[in-house]
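Here are the chains, one letter per residue:
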Amino acid sequence: MVGFFLWVLQVLSVALCIQEESDFQWTQTDRGSFYYGKFPPTFMWGVGSSAYQTEGAWDMDGKGKSIWDVFTHKKGRVFMNQTGDSSCDGYYKVKDDLALLKELNVSHYRLSISWPRIIPTGVRAEYVNEKGIQYYNDLINVLLENRVVPVITLYHWDLPQNLQEKFCGWQNVSMVTYFNDYANLCFEKFGDRVKHWITFNSPWSVAVEGFETGEHAPGFKLSGTGAYKAAHNMIKAHSKVWHTYNKNWRNKHKGMVGISLTTEWGEPVDISNQKDIEAAERFVQFNFGWFANPLYNGDYPQIMKEYIGQKSAQQGLGVSRLPTFTSQEKSYIKGTCDFLGVGHFTTRYITNRNFPATQGPSYFTDRDLTELVDPKWPEPESKWLYSVPWGFRRLLNFVKTHYGNPMVFVTENGMSEKMHCAQLCDEWRIQYLKGYTNEMLKAMKDGVNVQGYTAWSLMDKFEWDEGFSERFGLYYVEFRNKNKPRYPKASVQFYKKLISANGFPNVREVEKWHRISTESCSTINQLLAAEEQRNTAANILRLIHDPLVSHMEMVTEIVVPTVCTLCILISAILLMILLRRQS
Ligand SMILES: *[C@@H]1O[C@H](CO)[C@@H](O)[C@H](O)[C@H]1NC(C)=O
Ligand SMILES: *[C@@H]1O[C@H](CO)[C@@H](O)[C@H](O)[C@H]1NC(C)=O
Ligand SMILES: *[C@@H]1O[C@H](CO)[C@@H](O)[C@H](O)[C@H]1NC(C)=O
């Protein structure tokens with residue numbers, strides 16, 4: 001009997017130890033399969049956030065106004081006229097949020113510095129706000145003391161309002177100097193401790209949503225021209241800052257300066273149709289290539305120059321709406337990225353479509369294409385964010401082949417939901433995280449040089465024109481409560497397991513993470529929903545979530561009584577034996 005039992009155990013353990021061993025053969029066409037394997041030991045796992053979306057304290061301690069403060073205070077720009085005035089109150093909750101980072105055990109935290117918090121008018125020569133410097137100094141120090149590497153974005157969309165009013169912001173080339181002065185101040189004050197710098201977060205959004213559609217601050221609708229001009233100045237500003245670092249700080253601080261470009265992947269609708277293939281390539285070039293090509297290859301993508309040039313001519317313009325770089329500028333800009341930050345959320349199918357030139361200038365019609373989604377894709381939680389993991393692998397491979405296999409950090413990747421009541425059981429985010437990180441692992445096996453991954457985002461926050469209606473967080477934030485408490489969604493447990501295993505060990509293990517994560521959330525979710533007294537809910541949550549406390553509960557509730565019962569039983573038996581012997 002015992003022999004049989006041991007045999008079963010042995011068979012089981014052999015079965016469990018067999019990992020899917022093989023050479024890397026996940027073909028490009030196989031979109032469904034899951035790859036079990038590990039990330040390199042030095043791989044960096046992190047989470048991200050940004051200043052305007054989380055800090056709140058919009059007018060505290062000498063902070064100047066940003067274009068987002070002004071934009072959100074105008075009615076009718078943001079969902080329900082919401083603002084980021086207090087948002088997550090992150091400015092006051094550095095310790096609380098550090099605890100969340102430690103719970104996840106991430107190796108890095110991506111955050112941004114608010115330019116008007118440290119230079120209220122945007123002009124360094126005018127005034128530096130020491131309280132702002134102090135805030136970021138303390139934040140950086142507390143991260144490092146806890147062995148969390150700060151990865152810092154200099155521009156996450158909150159331009160000082162003064163620069164907008166005086167110079168029309170990114171429409172004006174003078175931003176290059178002001179941004180460079182600001183960046184130089186950051187290198188001077190924080191560069192001894194911060195080694196990972198990102199100049200711009202998604203300049204595409206700044207250009208297109210800020211100056212073409214006007215959905216984002218400063219809300220301009222300069223269709224067909226404003227976005228190209230803004231992008232032109234941001235590219236110049238990025239390279240200027242890289243040169244400043246390279247010349248003045250690199251030897252001393254030994255850090256890196258990169259940029260974060262966020263893009264969707266474009267897949268041809270009909271892969272046998274050359275027109276669709278070219279349209280899909282155009283889609284990515286007009287988004288990612290617009291910025292990456294100058295920085296890596298010295299100029300705008302050829303296809304952008306051709307298409308915008310042709311359309312401009314047809315529209316009777318003497319020169320292209322796409323500005324040009326002088327040859328001096330080209331060589332100055334080329335090669336100014338120590339690493340490439342890649343942000344990615346979703347994929348579109350692309351088909352060719354000719355727009356007649358009579359439609360008037362527009363970034364969107366310049367591309368001559370139509371975007372589609374596959375009706376078979378799972379219905380997204382937010383209307384635009386379809387989960388299409390295989391697109392991520394394609395994008396990463398595109399980066400590798402077009403820009404000479406640069407060092408890549410994934411700077412943003414995540415899933416959002418629109419929920420009116422508390423929902424912590426974010427099954428969809430677990431699926432997304434699992435799928436996308438797995439495709440990233442496959443891309444790395446394809447040879448893409450990915451060094452780190454940043455889940456977007458640490459917690460729910462102010463989501464720009466969507467206000468608080470769209471939630472990207474691993475942690476849920478109860479915005480209606482004055483204290484802005486944070487609660488872990490199920491995906492926190494899953495991401496924790498992924499980080500600690502540094503990969504996907506085997507089917508059983510990964511399924512177990514999945515199960516445990518969703519089980520853990522349902523109790524908390526019910527509590528949060530049912531509990532009317534918010535503070536009570538917070539206390540209960542704290543108890544459930546503190547591993548030490550739950551461990552102690554187990555000791556007092558199960559172990560102690562069991563041991564006592566056993567002791568009594570054994571004593572009784574011993575006593576009986578003793579009594580028998582004596583009688
Ligand atoms: C937002 O402000 C506009 C303009 O004042 C107003 O018409 C609209 O009703 C407001 N929306 C909400 C949800 O308060
Ligand atoms: C946290 O991460 C570090 C570095 O990867 C590791 O050494 C440590 O064991 C982790 N801690 C926990 C509690 O998993
Ligand atoms: C840039 O700012 C300067 C100084 O205010 C101004 O003279 C110039 O016209 C501006 N250029 C643009 C393109 O707005």
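Residues numbered from 1 in each chain as written. Chains lettered and ligands numbered in written order. Predicted model: local features only at pLDDT ≥ 70, side-chain atom pairs only at ≥ 80, totals over all residues. Heavy atoms only, no water.

The name recorded for the chain in an unreviewed UniProt entry is Cytosolic beta-glucosidase, from Pelobates cultripes. UniProt's Sequence similarities (unreviewed entry) comment on the chain is quoted here verbatim: "Belongs to the glycosyl hydrolase 1 family. Klotho subfamily." (UniProt positions renumbered as here; feature names shortened; annotations may be inferred.)

With that settled, consider the nonpolar core. The biggest cluster of nonpolar side chains holds 152 residues, and the ones touching the most others in it are Trp170, Trp197, Trp290, Met440 and Tyr495. Listed in part, the six residues of the second largest apolar core include Val151, Ile198, Phe339 and Phe409. (Core = buried A, V, L, I, M, F, W, Y, C linked by side-chain atoms within 4.5 Å. Buried < 20%, exposed > 50% of the residue type's maximum accessible area, 1.4 Å probe, protein only.)

Looking now at the packing of aromatic side chains. Enumeration according to the criterion identifies 56 aromatic pairs in this entry. Here the aromatic rings of Trp115 and Tyr182 are separated by 4.7 Å at their centres, their planes lie at 5 degrees, and the arrangement is stacked. Of the two residues, Trp115 is situated in helix 5 (residues 115–118) and Tyr182 in helix 8 (residues 175–190); the sequence distance between them amounts to 67 residues. In terms of burial, Trp115 and Tyr182 fall into one category: buried. Centre to centre, the rings of Phe288 and Tyr403 are 6.0 Å apart; their planes meet at 45 degrees, and the pair counts as tilted. Residue Phe288 is located in helix 11 (residues 274–297), and its partner Tyr403 is located in the loop between helix 15 (389–402) and strand 11 (408–413); the two are separated by 115 residues in the primary sequence. Residues Phe288 and Tyr403 agree in their burial class; the two are buried. Here the basic side chain of Arg117 rests over the ring of Tyr135, its NZ or CZ set 5.9 Å away from the ring centre. The ring of Phe34 has Lys434 sitting right over it, with the charged end atom 5.8 Å from the ring centre. (Phe/Tyr/Trp six-rings, centres within 6.5 Å; stacked < 30°, edge-to-face > 60°. Helix = DSSP H or I, 4+ residues; strand = E, 2+ residues; numbered from the N terminus. Lys NZ or Arg CZ within 6 Å of the ring centre and 35° of its normal.)

Among the surface-exposed residues, Leu566, Leu569, Ile570, Ile573, Leu574 and Ile577 lie close enough to one another that they form a single nonpolar patch of about 570 Å² accessible area. Turning to its location among the elements, Ile570 is positioned in helix 20 (residues 547–582). (Patch = residues over 30% accessible without salt bridge, like charges linked within 9 Å, V, L, I, M, F, W, Y side chains within 5 Å. Areas by Shrake-Rupley, 256 points an atom, 1.4 Å probe, with all protein chains shown as cover. Salt bridge = Lys/Arg side-chain N within 4 Å of Asp/Glu carboxyl O.)

Tracing the backbone through its elements, the reader meets Glu381 in the loop between strand 10 (369–372) and helix 15. Taking the C-alpha atoms as reference points, Glu381 and Met419, separated by 38 residues in sequence, lie 8.7 Å from one another. Leave out the neighbours within four places in its chain, and Glu381 touches Ser416, Glu417, Lys418, Met419 and Trp428. (Contact = heavy atoms within 4.5 Å.)

Here we take up the pattern of salt bridges. Per the counting criterion, the structure on display carries 26 salt bridges. Between Lys236 and Glu329 there is a salt bridge, with the nearest N and O atoms lying 3.3 Å from each other. Of the two residues, Lys236 sits in helix 10 (residues 226–253) while Glu329 sits in helix 13 (residues 327–333), which places them 93 residues apart along the sequence. The class of Glu329 is partly exposed, set by a relative accessible area of 24%. Arg321 is the salt-bridge partner of Asp366, the closest N and O atoms lying 2.8 Å from each other. One end of the pair, Asp366, is in helix 14 (residues 363–366); the other, Arg321, is in the loop between helix 12 (302–314) and helix 13, and 45 residues separate them in sequence.

A few words on the site of ligand 1. Surrounding ligand 1, one finds Lys75, Met80 and Asn81. Burial of ligand 1 by the protein chains amounts to 35% of its free accessible area of 360 Å². (Near = heavy atom within 4 Å.)

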